[in-house]
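If you want the building blocks of each chain, they are given just below.
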Amino acid sequence: MRLCAAYTTLPDNKEYVPPPAAPNISRGISSLTNAVDQLLTAWNVNDVLHSLVIDGIFNGVGSVLSFLPIIVTLFFFLSLLEDSGYMARVAFIMDKLLRKLGLSGRSIVPMLVGFGCTVPGVMASRTLPSERDRKMTILLTPFMSCTAKLPIYAFFTAAFFPKRGALVMIGLYVFGIVMGILMALIFKKTAFKGEAVPFVMELPNYRLPGAKNVGHLLWDKAKDFLQRAFTVIFIATIVIWFLQNFDTGLNMTADSQNSILALVAGGLAPIFLPVGFGDWRIVTALISGFLAKESVVSSLTILFGSSAALQGSLTIAGAVALLVFCLLYTPCVAAIASVKQELGGKWAAAMVFGQCFIAWIASFAVYHIVGLL
């Protein structure tokens, strides 16, 4: 299975041509992949190693790296808000609204940071003076859609909703916020009864954002993303490639349905049939998302080989339900580790299973509602 960067043959023998306005970084990765592919072919490199380099590494990691400009852009605007002193004023303005949900205005800062990454969002909750507010804020932060999920949204909107991409992306962010509000109201009436502590905060002066501070933040976030791409995602991509290309006897298989991965994911696939994406390949990608959300895209790229193959296995309702599931299910291992550090192992385990359960219920409802429409 090899993904061709130039075109992919569709079932009806028509050619699927990628949009000409692809980002420069995507075109660069595609050109490099083609060059290495031709070089390995010219050298008569072993088919197993050839498949590992092209299908496993270049197509897997490369598909994630192409979304780096989107992630850097989001962090750029977040850094402007923080360095200008406006972020603290957002906390003051949001205090009255958040008190209706059982939180103080201080909780808005970790949640806003959670739109960038859940890990620093959880760590930012240390500044909250109340243990009740801190726990509640940490449990609500994963509902804020982090930048690691942006590649997933962009991948699916390009494949299924190319003309409504902005609407779908905004809708996912809004839906995550609505689910967070709903869960806050439930927490307020059940596990976290009581009132939030009074809001007291010193407001810094307004100032123009410093280029040095903004540049430093952007560099840190870009470096963190690249480190993940070449460590966690790189390892996950190779593991998935191996499990997808070898059977239980460690023999390379031409049919991925006979692979080790198909055996494992196939056992979990029936759970997702009622929500519209019971394909073992999609389940495998979701499992890889536990390591890092960006690896969902690389896994789908490896397992399906083309967006046309993915489109053939999902209905529109199934695609929407899958996006909702990716939005709500458990955050990555790094985020869970930070929750364990802040609250303990029991809270971390509760978050994993709780988020998966909520994601399944929400996806089930969305799948059937969209199916009716």
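Residues numbered from 1 in each chain as written. Predicted model: local features only at pLDDT ≥ 70, side-chain atom pairs only at ≥ 80, totals over all residues. Heavy atoms only, no water.

Enquirer: Help me out: how do you make sense of the layout of surface pockets in this one?
Expert: Over the atoms rolls a probe the size of a water molecule, and its path tells where empty space is left. Estimated volume of the second largest pocket: approximately 400 Å³. If you trace the second largest pocket, you find 19 residues lining it, with E82, M87, V109, V113 and A124 closest to the centre. Residues belonging to the lining of the second largest pocket are distributed by class as follows: 13 nonpolar, 3 polar and 3 charged. (1 Å grid on protein atoms, 1.4 Å probe; cavity = no way out; pocket = protein on both sides within 12 Å on 5 of 7 lines; lining within 4 Å. Points joined across faces, edges and corners; volume = space filled by probe spheres on them. Nonpolar A, V, L, I, M, F, W, Y, C, P; charged D, E, K, R; others polar.)

Enquirer: When you look at helix α8 (residues 150–160) in this model, what are you seeing that I'm missing?
Expert: Owing to its 3.6 residues per turn, the α-helix aligns residues three or four sequence positions apart on the same side. Among the 11 residues that make up α8, 10 are buried, leaving the element largely enclosed by the rest of the structure. If you check which residues of α8 are buried, you get L150, P151, I152, Y153, A154, F155, F156, T157, A159 and F160. If you follow the buried residues of α8, they end up packed against α3 (68–83), α9 (165–189), α14 (295–304), α15 (307–313) and α16 (316–328). (Buried < 20%, exposed > 50% of the residue type's maximum accessible area, 1.4 Å probe, protein only. Helix = DSSP H or I, 4+ residues; strand = E, 2+ residues; numbered from the N terminus. Contact = heavy atoms within 4.5 Å.)

Enquirer: Explain empty space enclosed by the protein to me, please; I cannot follow it from the model alone.
Expert: Following the criterion strictly, the structure yields 2 cavities of 30 Å³ or more and no others. Taken as a whole, the largest cavity spans an internal volume of roughly 80 Å³. Taken together, C117, T118, P142, C146, A148, K149, R228, K293, Y329, P331, C332 and A335 form the lining of the largest cavity. Split into classes, the residues belonging to the lining of the largest cavity amount to 8 nonpolar, 1 polar and 3 charged.

Enquirer: Would you take a moment to explain the pattern of salt bridges for this structure?
Expert: Two side chains of opposite charge can pair, provided their charged atoms sit close to one another. One pass over the full model with this rule turns up 6 salt bridges. Close ionic contact of R281 with D279 constitutes a salt bridge, the shortest N to O distance being 2.9 Å. (Salt bridge = Lys/Arg side-chain N within 4 Å of Asp/Glu carboxyl O.)

Enquirer: Explain the packing of aromatic side chains to me, please; I cannot follow it from the model alone.
Expert: Two aromatic rings are characterised by how far apart their centres lie and by the angle between their planes. Here the structure, examined in full by the defined rule, presents 14 aromatic pairs. With 6.1 Å between their ring centres and 15° between their planes, F156 and F160 make a pair best called stacked. Of the two residues, F156 and F160 are both situated in helix α8; the distance of 4 residues between them amounts to about one turn of the helix. Among the residues examined, F156 registers a relative accessible area of 1% and is labelled buried. The class of F160 is buried, set by a relative accessible area of 11%. Aromatic side chains W241 and F246 sit 6.0 Å apart centroid to centroid with 75° between the ring planes, which places their arrangement in the edge-to-face category. W241 gets classed as buried once you look at its relative accessible area, which sits at 4%. (Phe/Tyr/Trp six-rings, centres within 6.5 Å; stacked < 30°, edge-to-face > 60°.)

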